[in-house]
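Take a look at the letters that make up each chain.
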Amino acid sequence: MNRPRIILVDDHSLFRNGLRGLLEHSGCRVTGEAGSGEEFLSMLPGCEADVVFMDFSMPGIDGAQTTERALALRPDLRIITLSMFGEESYYSRMVEAGARGFLLKDSQIGDVLEAVDAVMTGGSYFSPRLLASLASRMHSREDAEDEQLSAREREILVLICRGLSNLEIADELFISKRTVDKHRANILEKTGCKNTASLVVFAIRHGMVEV
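Asker: Looking at this structure, I do not really get the packing of aromatic side chains. What am I missing?
Answerer: In this description, an aromatic ring pair is defined by two values, namely the gap between the centres and the angle between the planes. For the structure on display, the rule yields one aromatic pair. The interplanar angle of 20° and the centroid separation of 4.9 Å between the aromatic rings of phenylalanine 102 and phenylalanine 126 together place this pair among those described as stacked. Residue phenylalanine 102 is found in strand β5 (residues 101-104), and its partner phenylalanine 126 is found in strand β6 (residues 125-126); the two are separated by 24 residues along the sequence. For the pair phenylalanine 102 and phenylalanine 126, one class covers both residues: buried. Stacked on the ring of phenylalanine 15, the Lys or Arg lysine 105 has its end atom at 5.1 Å from the ring centre.

Below is the structure:
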């Protein structure tokens, strides 16, 4: 497998330099850096990238706006949000924008690499501390939306949140992958979610998974 090509978008050069060194020492290739959303978008057409580490709070356009515009140009990008602890209020915006992962800026390099591996294989990644904090803040349950899901769809959603692929879910439930594909499509439509990351947030909000 080729080494992941990574772009770092953060307005603090010292942080970018440190993360770049850790990533390159671990076998990743950092193919570009930007100090703002505008700078990143201007360089994107000519830059090779698989994964983007995106700060949320930057001068000019924020991480959510930058993510939306970047994915409109390059839908194949896997964007991982970088945040400080306590910025949970921004997560919904980043999920809606299309981010696939969420990392705290003080994460260990092992967590960073785990996040890269997860999004490179089509999954999502949430820092465990972020998940726990997010769950503690989401006490209200939107029962009307929750009840739209059938018992089987709820079962499949829980397995999605555990990180299982559609094929693994099919094996777990002794059903065909095609059936799982159909259920997953129905879940996305009923919940209004766009991707796995947004499904995780939905499941937490409705108390369907414990973190």
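Asker: Help me understand the sheet that holds β6, please; the structure alone is not making it clear to me.
Answerer: The strands that make up a sheet are held in pairs by hydrogen bonds between backbone atoms, and each pair lies either parallel or antiparallel. Spatial strand order, β2-β1-β3-β4-β5-β6: six strands in an open sheet with parallel pairing. Only two strands of the sheet have a single neighbouring strand rather than two, namely β2 (29-34) and β6. One ladder, built from four bridges, connects strand β4 (residues 78-83) with β5; its direction is parallel. For isoleucine 80, the partnering residue across the bridge sits in β5 and is glycine 101.

Asker: Just checking my understanding: could you explain helix α1 (residues 13-25) for this structure?
Answerer: Helical geometry note: an α-helix holds 3.6 residues per turn, so side chains three or four residues apart project in the same direction. For α1, spanning 13 residues, the distance from its first C-alpha to its last is 18 Å, which sits close to the expected 18 Å at 1.5 Å a residue. Residues Arg16, Leu19 and Leu23 constitute the buried set of α1. For α1, the arc enclosing every buried residue in end-on projection is 75°, short of the 170-degree limit, so these residues lie on one face. Looking at α1, the residues exposed on the side facing more than 90 degrees away from the buried face are Leu14 and His25. Phi turns positive, to about 100°, at glycine 27, one or two residues after α1.

Asker: Could you clarify how one ought to interpret the pairing of β4 in this entry?
Answerer: Along a regular strand, successive side chains alternate from one face of the sheet to the other. Judged by how many residues are buried, β4 sits mostly within the fold: six of six residues are covered. Going residue by residue along β4, you find Arg78, Ile80 and Leu82 tucked away on one face and Ile79, Thr81 and Ser83 tucked away on the opposite face as well. Note that strand β3 (residues 51-55) and β4 share five bridges and pair parallel. What sits directly across from valine 51, in β4, is arginine 78.

Asker: Is there a simple way to explain the environment of threonine 191 in this structure?
Answerer: Following the sequence through the fold, threonine 191 ends up in helix α10 (residues 177-191). Take threonine 191: its relative accessible area is 14%, and that puts it in the buried class. Considered as a pair, threonine 191 and phenylalanine 202 are eleven residues apart in the sequence and their alpha carbons are 7.7 Å apart. Only 2.7 Å separates the side chain of threonine 191 from the backbone oxygen of isoleucine 187, close enough to count as a polar contact. Polar contacts involving the side chain of threonine 191 include one to the main-chain carbonyl oxygen of leucine 188, which spans 3.5 Å.

Asker: Is there a simple way to explain the side chain of arginine 78 in this structure?
Answerer: Following the sequence through the fold, arginine 78 ends up in strand β4. For the buried arginine 78, which has no salt bridge, the nearest side chain bearing the opposite charge is aspartate 50, at an N-O separation of 4.1 Å. The residues touching arginine 78, leaving out its near neighbours within four places in the chain, are Asp50, Val51, Val52, Arg100, Val119 and Met120.

Asker: What is the right way to look at the pattern of salt bridges in this model?
Answerer: Opposite charge on two side chains permits pairing when their charged atoms draw close. For the coordinates displayed, the defined rule picks out twelve salt bridges. Two residues, aspartate 62 and arginine 93, come together in a salt bridge whose shortest N-O distance is 3.0 Å. Taken together, the residues aspartate 62 in the loop between β3 and α3 (63-73) and arginine 93 in helix α4 (residues 91-97) connect sequence positions 31 residues apart. Residue arginine 93 is classed as partly exposed on the basis of its relative accessible area, which comes to 35%. Lysine 190 serves as the salt-bridge partner of glutamate 153, at 2.9 Å between the closest nitrogen and oxygen. Here the residue glutamate 153 occupies a position in helix α8 (residues 151-161), and lysine 190 occupies one in helix α10, the gap between them amounting to 37 residues. The class for lysine 190 is partly exposed, based on a relative accessible area of 34%. Residues joined in a network through salt bridges with shared partners are Arg16, Arg20, Glu24 and Glu33.

Asker: Is there a simple way to explain the side chain of threonine 67 in this structure?
Answerer: Along the chain, the position of threonine 67 falls in helix α3. Setting aside residues up to four positions removed in sequence, threonine 67 forms contacts with Met54, Ile79, Met94, Ala97, Gly98 and Ala99.

Rules used in this analysis
- Residues numbered from 1 in each chain as written.
- Predicted model: local features only at pLDDT ≥ 70, side-chain atom pairs only at ≥ 80, totals over all residues.
- Heavy atoms only, no water.
- Phe/Tyr/Trp six-rings, centres within 6.5 Å; stacked < 30°, edge-to-face > 60°.
- Helix = DSSP H or I, 4+ residues; strand = E, 2+ residues; numbered from the N terminus.
- Buried < 20%, exposed > 50% of the residue type's maximum accessible area, 1.4 Å probe, protein only.
- Lys NZ or Arg CZ within 6 Å of the ring centre and 35° of its normal.
- Pairing = 2+ DSSP bridges.
- Expected span 1.5 Å × (residues − 1).
- Arc of directions from axis to C-beta.
- Polar contact = N/O pair within 3.5 Å; in protein donor to acceptor, adjacent residues only side chain to side chain.
- Lys, Arg positive; Asp, Glu negative; His and termini not counted.
- Salt bridge = Lys/Arg side-chain N within 4 Å of Asp/Glu carboxyl O.
- Contact = heavy atoms within 4.5 Å.

The values reported here are purely geometric and, on their own, carry no functional implication.
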